[in-house]
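# Chain and residue survey
The primary structure of each chain is shown beneath.
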Amino acid sequence: MMNSNRIESLAVNAVEDYFTKIERINPTIPVGDKEPSWDGFLYLYQDDSMKKETLIGRIPIQVKGKQGEFVESLSYPIKTSDLRNYMREGGCIYFVVLINDRQERKIFHRMLIPVELQNILKGKEQQKSINVKMKPLEGSDDDVYHCLVDFYRDMKKQTGSPIKTLSLKDLVDGNYDTFRFSLSGFDVSKESLESFITRKAICLYVKPMDANASDIPIQEGRCFLKLIQNVKQIVSVNGTDFYNSFEKTFEKNKVILGIGHCLKVAFDSQNPIEISVNIKLEATELKAMAQDIRFVLAVIEKKSFNIGDFQVDIPSDDESQKLYVLLKGEYARLQRVEILLERLHVIKGLDLSTMQKVDWETMNILMAGILDEKELALNVKESRLHNIKVGNLMFLLIVCQQKSGKFRIFDYFTPPSALKLISPEGYEASKYAVLNVDGYVRYDNIDFSNILPSISALKAKHEYFLDYAKYEVFNMLKAYCKLDGDKEKSALLLNTSSGVIDWMIKESKDADEKLAYECYAYLVKFLKNSLTEEDIATLNGILYSDKGDDSLKANVALLLKNKSAFDVFYSKMTKDEIEGFKKSPFCEIMEGKR
């Protein structure tokens, strides 16, 4: 067992020897020093001459020795009073030298800048000492030197107590557009800039709005950056293209290639020969998952994939072959689901994260009933319409009892035989009339391509076909106003409405009626935000012509956002006309998008 003086001497000598061999650093560490909180300094110079004219500055240090076997990580108790002194003076590098029985030495250290000292002390101010994590002192001489230069610069920026800081959450929530950090020692001949700035710990600062104010450090202290790039380059296997881009992530000493939502290939940024492969299917949307599985299956078969012309070889083992068999079965199941959704005219993506056990059971029933056309024993009593929810999707289906007593399942919009929907007035209506507004919003198996043919077929049935067409158009436009975030269905509702309106304009024989339908066409353009200057001129012409009644002109004024004109025509309406105007679908739609 060594005495304390011997331990201190060995520890100081280890630190002094380590830094003496690094050019531009001069360690000054007196043995037996009695100065409170510090043992000496590391002097930093701009060049190898180490003349006082080239002095950058000095960093206070504390050195402690500890007997014990070597370990990879270490925590060491530091007196709280010392930590306060370090923060007040701008920081310190704390060294702990581990000395084993053979008097071999391993140096651990912690670079304590004020913002980190503040975090270490928080909530522990009354303790006599605080355990502080240390890490081994390692790296090339050049890296160590520049790391000290960066530390010295951060010391000077953070001197003073207490320090104003911002958390990472503050950066996300706040209105900050300028962030700063500084690193020294970049050599473009040795490594890429991305590798350089991601392998070194940095202090991130925020530039305040006040140009004269000092930069504000982030609360979390020294951290490592992660750079993520979306690289536009074809990813293929054996000549088949799978993706148009991939994600390239630079993080501490690593580069990670992310392909789809399924494959990550990581390699050391300094030694790209050795790679590690991680296959993990993380897609939540059905089509993306199916695509990812196809890609993984192809990669396992080929044992490689290409990024552009560059081939990335993937090692194969028993586990990858087991995965291949498993994914083959899963891909076959997902293919059947895709076929079913295509048969049902579903455009919305199936969110796999919403699929519980009962949803998969329902999906299996639908595939058996619709794809395989099987008669099924279902827990229903009679033939009728059913709302069927599967995950995030809702279907309107017909369940029909067969002679066997079992049931067949059909898509409502493509039934096995012609359906007739009779309105309360006794006239045949389009089968889409059953949807109303909420149905257009709710159901995901609507066949939009058949709406116009279904409506135009009413022309041969009765003279009121245009009224029924108008009813359907306004249902679709009201549904559009109620949708939130479903861009594909929104586009279908507007485009289908536009097609039906164009047909109505051609079919109409009455001038006033045709003018009203033309206003509906402009309403759709208004909702698409695609009114042209020519359209606006035409609408202004209607506004100040003798065509149309006050209600129609009030609608035109709404499209033009002409409040004064709207007030004029609104004031001309009778009380009954005003009530009718307020309840009109046109007004409802404009209010819905206001």
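Source: prediction; values computed, not measured. (Residues numbered from 1 in each chain as written. Predicted model: local features only at pLDDT ≥ 70, side-chain atom pairs only at ≥ 80, totals over all residues. Heavy atoms only, no water.)

## A word on the overall build of the protein
Counting secondary structure elements, the protein contains 19 helices and 24 strands. For a compact globule of 594 residues, the expected C-alpha radius of gyration is about 25 Å, and the protein comes in at 37 Å, more than 25% above that figure. Overall, the protein is about 110 × 65 × 50 Å in size when its C-alpha atoms are taken along their principal axes. Long-range pairs, those at least 24 residues apart, make up 59% of the contacts in the protein with a sequence separation of at least 6. Carbon and sulfur atoms make up 49% of the accessible area of the protein, which amounts to about 32000 Å² in all. Where the 82 positive side-chain charges of the protein centre and where its 87 negative ones centre are 3 Å apart. (Helix = DSSP H or I, 4+ residues; strand = E, 2+ residues; numbered from the N terminus. Rg over C-alpha atoms; globule rule 2.2 N^0.38 Å. Contact = heavy atoms within 4.5 Å. Areas by Shrake-Rupley, 256 points an atom, 1.4 Å probe, with all protein chains shown as cover. Lys, Arg positive; Asp, Glu negative; His and termini not counted. Charge placed at Lys NZ, Arg CZ, Asp CG, Glu CD.)

## Some thoughts on the sheet that holds strand β18 (residues 304–307)
Spatially, β13-β12-β18-β19 is the arrangement adopted by the 4 strands of the open sheet, whose pairing is antiparallel. Bordering the open sheet on either side are β13 (240–243) and β19 (310–313), each of which pairs with just one other strand. For this sheet, the mean inter-axis angle between neighbouring strands, taken without regard to orientation, is 35°. In the packing of helix α7 (residues 286–302) onto the sheet, the strands contacted are β12 (235–237), β13 and β18, and the crossing angle to β13 comes to about 130°. (Pairing = 2+ DSSP bridges. Axes fitted to C-alpha atoms, helices over the stretch in contact; angles between N-to-C directions.)

## Comments concerning the side chain of threonine 54
Residue position: threonine 54 is located in the loop between β2 (40–45) and β3 (55–67). A distance of 2.8 Å separates the side chain of threonine 54 from the backbone oxygen of lysine 51, its partner in a polar contact. For threonine 54, the contacting residues outside a window of four places in its chain are Leu44, Tyr45, Gln46, Asp47 and Ser49. (Polar contact = N/O pair within 3.5 Å; in protein donor to acceptor, adjacent residues only side chain to side chain.)

## Re the environment of proline 60
Looking at where proline 60 falls in the secondary structure, it is placed in strand β3. If near-sequence neighbours (up to four positions away) are discounted, proline 60 is found in contact with Trp38, Gly40, Phe41, Gly91, Cys92, Ile93 and Met155.

## A word on the pattern of salt bridges
Summed over the entire model, instances satisfying the criterion amount to 21 salt bridges. Aspartate 141 is the partner of lysine 21 in a salt bridge, and the nearest nitrogen-oxygen pair spans 3.4 Å. Within this pair, whereas lysine 21 is found in the loop between α1 (4–20) and β1 (25–28), its partner aspartate 141 is found in helix α4 (residues 141–158), the two being separated by 120 residues in sequence. Residue lysine 322 is joined to glutamate 319 by a salt bridge in which the shortest nitrogen-to-oxygen separation is 3.7 Å. Here glutamate 319 and lysine 322 lie together in helix α8 (residues 318–343), a separation of 3 residues that amounts to about one turn. Look at lysine 322 and you get exposed, because its relative accessible area is 55%. When its relative accessible area of 53% is taken as the criterion, glutamate 319 is described as exposed. When salt bridges that share partners are traced, they join Asp143, Glu191 and Arg199 into one network. (Salt bridge = Lys/Arg side-chain N within 4 Å of Asp/Glu carboxyl O. Buried < 20%, exposed > 50% of the residue type's maximum accessible area, 1.4 Å probe, protein only.)

## Some remarks on the packing of helix α14 (residues 511–527) against helix α16 (residues 550–560)
The packing of two helices is summarised by the inter-axis angle and the distance between the axes. Their axes nearest at 10 Å, the elements α14 and α16 cross at an angle of 20°. In terms of orientation, α14 and α16 fall into the roughly parallel class. Between α14 and α16 lies a crossing of left-handed hand. On α16, the residues that touch Leu515, Ala516, Cys519, Tyr522, Leu523 and Phe526 of α14 are Leu552, Val556, Leu558 and Leu559. Looking at the contact of α14 with α16 residue by residue, the class counts come to 10 nonpolar, no polar and no charged. (Parallel < 35°, antiparallel > 145°, perpendicular 65-115°, else oblique. Left-handed = near helix turned anticlockwise from the far one by under 90°. Nonpolar A, V, L, I, M, F, W, Y, C, P; charged D, E, K, R; others polar.)

## Thoughts on the sheet that holds strand β15 (residues 254–259)
Within the open sheet, the 5 strands sit side by side as β11-β14-β15-β16-β17. Their pairing is antiparallel. A single partner strand is all that each edge strand has here, and the edge strands are β11 (227–231) and β17 (275–279). On average, adjacent strands in this sheet sit at an angle of 20° to one another, irrespective of strand direction. Pairing analysis gives 5 bridges linking strand β16 (residues 263–268) to β17, with the strands arranged antiparallel. Among the inter-strand pairings, phenylalanine 267 is bridged to a residue of β17, identified as isoleucine 275.

## A closer look at the packing of helix α12 (residues 465–482) against helix α13 (residues 487–507)
Packing of α12 against α13 brings their axes to within 9 Å, and their N-to-C directions diverge by 160°. One finds that α12 runs roughly antiparallel with respect to α13. Of the two possible hands of crossing, α12 and α13 adopt the one that is left-handed. When α12 is examined against α13, the residues Phe465, Leu466, Ala469, Lys470, Val473, Met476, Leu477, Ala479 and Tyr480 are found in contact with a partner set consisting of Ser490, Leu493, Leu494, Thr496, Ser497, Val500, Ile501, Trp503, Met504 and Glu507. Looking at the contact of α12 with α13 residue by residue, the classes come out as 14 nonpolar, 3 polar and 2 charged.

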